[in-house]
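Below, each chain spelled out in residue letters.
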Amino acid sequence: MDKQAKLLSSRLFLKLRQVEVVLNRSVLTWREADKERKRSSGISEAAHGRSVQVCEIVAVGRTEDGDDKRTRKSRKEAKRHSQLYPCAFTVSFVMRTRQHQWRCSEVTFHCNDQELCNQWVRVTNEQLSLLTNRPKSLLVYINPFGGKRRGKRIYEQKVAPVFRRAGISTDVIVTERANHARDHLKTEASLDKCDGVVCVGGDGMFSEILHGLVSRTQTDHGVDENQPDAELVSCSLRIGIIPAGSTDCVCFATVGANDPVTSALHIIVGDSQPMDVCSVHHDDIFLRYSVSLLGYGFYGDLMTDSERKRWLGPARYDLSGVKTFLSHNYYKGTVSFLPAEGNLGNPKDKLQCRSGCRICQHKPSSKDQHSEMSDKKEKSPKGDSGDWNVIHGKFIAINAATMSCACPRSPKGMSPSAHLADGTTDLILVRKCSRLNFFRHLLRHTNRNDQFDHSFVEVHRVRKFRFQPQHHRLDSLEDLSEPLQKKGFSPICSAQTTCSYSAAHSSWTCDGELLPHAAIQVSVQCQLIRLFARGIEEQQEQQQFVFEDPCTLWPLEQSTN
Ligand SMILES: Nc1ncnc2c1ncn2[C@@H]1O[C@H](COP(=O)(O)OP(=O)(O)OP(=O)(O)O)[C@@H](O)[C@H]1O
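Note that this is a predicted model, so its numbers are computed, not measured.

### Things to note about unusual backbone geometry
Part 1 of the argument: Even without being a glycine, Asp283 presents a positive backbone phi close to 50°.
Part 2 of the argument: Tracing the chain through its elements places Asp283 in the loop between strand E12 (273-282) and strand E13 (285-290).
Part 3 of the argument: Judged by local crowding, Asp283 falls into the exposed class, with 10 C-beta atoms found within 10 Å.
Part 4 of the argument: At Cys405, a residue that is not glycine, the phi angle is positive and equals roughly 65°.

### What to know about the site of the ligand
Part 1 of the argument: Close to the ligand lie 21 residues, the nearest being Gly146, Gly201, Gly202, Gly204 and Gly245.
Part 2 of the argument: Here the shell around the ligand takes four residues from helix H6 (residues 203-220), the largest share from any one element.
Part 3 of the argument: For the shell around the ligand, the per-class residue count stands at four nonpolar, 13 polar and four charged.

### Thoughts on the environment of Thr108
Part 1 of the argument: By secondary structure assignment, the location of Thr108 is in strand E7 (residues 102-111).
Part 2 of the argument: Spatially, the C-alpha atom of Thr108 lies 9.6 Å from that of Gly61, the residues being 47 residues apart in sequence.

### Focus on the environment of Ile359
Part 1 of the argument: With respect to the helices, strands and loops of the structure, Ile359 is situated in helix H11 (residues 358-361).
Part 2 of the argument: On a C-alpha basis, the gap between Ile359 and Asn179 in space is 35 Å, while along the polypeptide they are 180 residues apart.
Part 3 of the argument: Ile359 has contacts with Leu344, Gly345, Leu351, His419 and Asp422, leaving out every residue within four places of it along the chain.

### Considering the domain arrangement of the protein
Part 1 of the argument: Here the protein is partitioned into domain 1 (6-133 + 540-558), domain 2 (136-271) and domain 3 (279-356 + 389-525).
Part 2 of the argument: Residue-level contacts link 14 residues of domain 1 with 14 residues of domain 2.
Part 3 of the argument: Put simply, the parts of the chain that give the side of domain 1 that touches domain 2 at least two residues each are strand E5 (57-62), strand E6 (87-96) and E7.

### What to know about helix H4 (residues 151-165)
Part 1 of the argument: Here H4 spans 20 Å end to end across 15 residues, near enough to the 21 Å set by a 1.5 Å rise per residue.
Part 2 of the argument: Listed in full, the buried residues belonging to H4 are Gly151, Ile154, Tyr155, Val159, Val162 and Phe163.
Part 3 of the argument: Summarising the contacts, the buried residues of H4 are in contact with E7, strand E8 (137-142), strand E9 (169-174), strand E10 (196-201), strand E11 (238-243) and helix H8 (260-268).
Part 4 of the argument: Phi turns positive one or two residues past the end of H4, at Gly167, with a value near 75°.

### Examining the UniProt feature "domain: DAGKc" (unreviewed entry) in the protein
Part 1 of the argument: When the UniProt feature table is mapped onto this chain, "domain: DAGKc" (unreviewed entry) is found at residues 133-284.
Part 2 of the argument: Strand forms 22% of residues 133-284 and helix 38%; the C-alpha atoms that close the span are 38 Å apart.

### Section: the packing of helix H9 (residues 298-307) against helix H10 (residues 315-327)
Part 1 of the argument: Packing of H9 against H10 leaves a shortest axis separation of 8 Å and a crossing angle of 130°. Between H9 and H10, the angle falls in the class oblique. For the element pair H9 and H10, the recorded crossing hand is right-handed. Packed against H9, whose contacting residues are Phe298, Asp301, Leu302, Asp305 and Ser306, the element H10 presents Arg316, Tyr317, Ser320, Gly321, Lys323, Thr324 and Ser327 at the interface.
Part 2 of the argument: The residue inventory of the contact of H9 with H10, partitioned by class, reads three nonpolar, five polar and four charged.

About the thresholds
- Note on numbering: residues in each chain are counted from 1, in written sequence order.
- The predicted nature of this model means local features are confined to residues of pLDDT at least 70 and side-chain atom pairs, given and counted, to a pLDDT of 80 or more, with totals for whole chains, interfaces and linings taken over all residues.
- Secondary structure elements are defined from DSSP: runs of H or I of at least 4 residues count as helices, runs of E of at least 2 residues count as strands, and each element is numbered from the N terminus.
- With C-beta atoms placed from the backbone, a residue counts as buried when 20 or more other C-beta atoms lie within 10 Å of its own, as exposed when 12 or fewer do, and as partly exposed for counts between those limits.
- Only the C-beta atom, placed from the backbone, is used; a residue is near a molecule or strand if that atom lies within 6 Å of it.
- Throughout, the ten residues Ala, Val, Leu, Ile, Met, Phe, Trp, Tyr, Cys and Pro are labelled nonpolar, Asp, Glu, Lys and Arg are labelled charged, and all others, Gly among them, are labelled polar.
- By the convention adopted here, residues make contact when the C-beta atoms placed from their backbones lie within 7 Å.
- The split into domains, and so the bounds of each, comes from an automatic or database assignment of domains.
- A helix is expected to span 1.5 Å multiplied by its residue count minus one.
- UniProt positions are given in the numbering used here, feature names are shortened, and annotations may be inferred rather than shown by experiment.
- Axes, fitted as lines to C-alpha atoms, cover a helix only where it is in contact. Angles between the N-to-C directions of the axes lie from 0 to 180 degrees.
- Roughly parallel refers to an angle under 35 degrees, roughly antiparallel to one over 145, roughly perpendicular to one between 65 and 115, and oblique to any angle outside these ranges.
- By definition, any crossing whose near helix is turned counterclockwise from its far helix by less than a right angle is left-handed, and any crossing with a clockwise turn is right-handed.

Here's what the structure looks like:
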């Protein structure tokens, strides 16, 4: 770290102890002033100093009498002390606790010079005002019915007070119906007055905000979303997610925790995590956007069944999961995909996407991507099929994971090395196999074993793909040689029985919503949106922070506790 000039340096009091407090452009530090006493008492110096990065300071302000929280035991002493040093200011800052969770911590410094106190508040605030990535005004949508119906309470009790402390103004809308937030964002919301949109709810609510914001951006720029090859315009506003649903996968994958206060703090410090979005079309009709999982076959059937059991609450997913697994259906169709050439990673490389991910930073520019597509089109006389890989087969599941899809239940996720912002999606094809083998594959989503290390599973990192189910067509001779057993009106082919006609098809689940068409085209829109997040931080980053003081090197304990 470069040596930086001190902006301020003073001896102040912290809980009756004199501390030397230093502010430079990037760090605020304090340590006990009486170093000699510490050395002789054998107490490590590191235990008596702290540093906070300026970019992780939430707010600073003068402390009025009684604001300083103390224990009853120390109150008397504190009273005497505050008579001696009546002026005080409080710094609120991010403190990392366990498992990627953040808390807002506070430290109050005392002195007997009002002017000095004001100077500290003024200069620190000046540094904060230089952080232009921080939002000042937010548009907040709360789904009062998401998850355990605690969205409103979570926002009011845990999030609004921290926003207030950070001086963020908010315009709060409690939704009155499904798609209220999406429609409001699409047409009515005055977005030029805000610096970001906050979603309080689960993945379904996030999807509403995503659709509203992306559609609004395309409308404002005259882009037709129905054109599968249209280059979509990235959204300028960031989205913050306050997790308050029964599934909060997007929040978990981008922050590492499902915790409202942590998310609020990521919003306050103005984090920015770009994210890829898949656009899904059927012919020239736009269907939906997806940021996490597009699933056909197993997951499509599971979601279809669970929709019928909504009354069961979150338990419906377990029940439908077991039922779908026992049905053991497979589907015939053709998958075509455009591999992500030039991408630095691959789905099996075990390089997980983390904060500051090297692979996501190396994203192809839209110009490069565009010329890559044009090249391929030129090579192929019939449209762009020449460089596409084409696979015909019988699939138990076809999944496209645009992020790892990690969640507390599946800590590594559907595709552990998928990246948030590299312009690709991981296409996972699970071919027809025995029930036991499929069970083994599913089990690997919950443990450390490689879920792609099965002969019936293949995975490709792709920029685009298409799926065409096999409809009402006479099967190949090979299939006709199998016993002919028509399943009446049942829409599903089972692996136990064999159909002569594969009229059957599954449905696609697109981030938890069912699509009305089985034949789809999917195109990854590189870094179309940005979230108020920074990706999952490496654990060791959180443990210790050694920084270079303007004068000397202090191995200080960071704001981790
Ligand atoms: N006021 C409202 N009334 C009814 N539905 C709403 C309302 N506001 C939003 N929704 C819808 O509720 C759905 C579920 O919301 P959300 O994702 O917040 O909670 P969830 O419990 O995680 O969802 P799921 O039940 O899908 O797991 C969303 O698809 C959203 O469109």
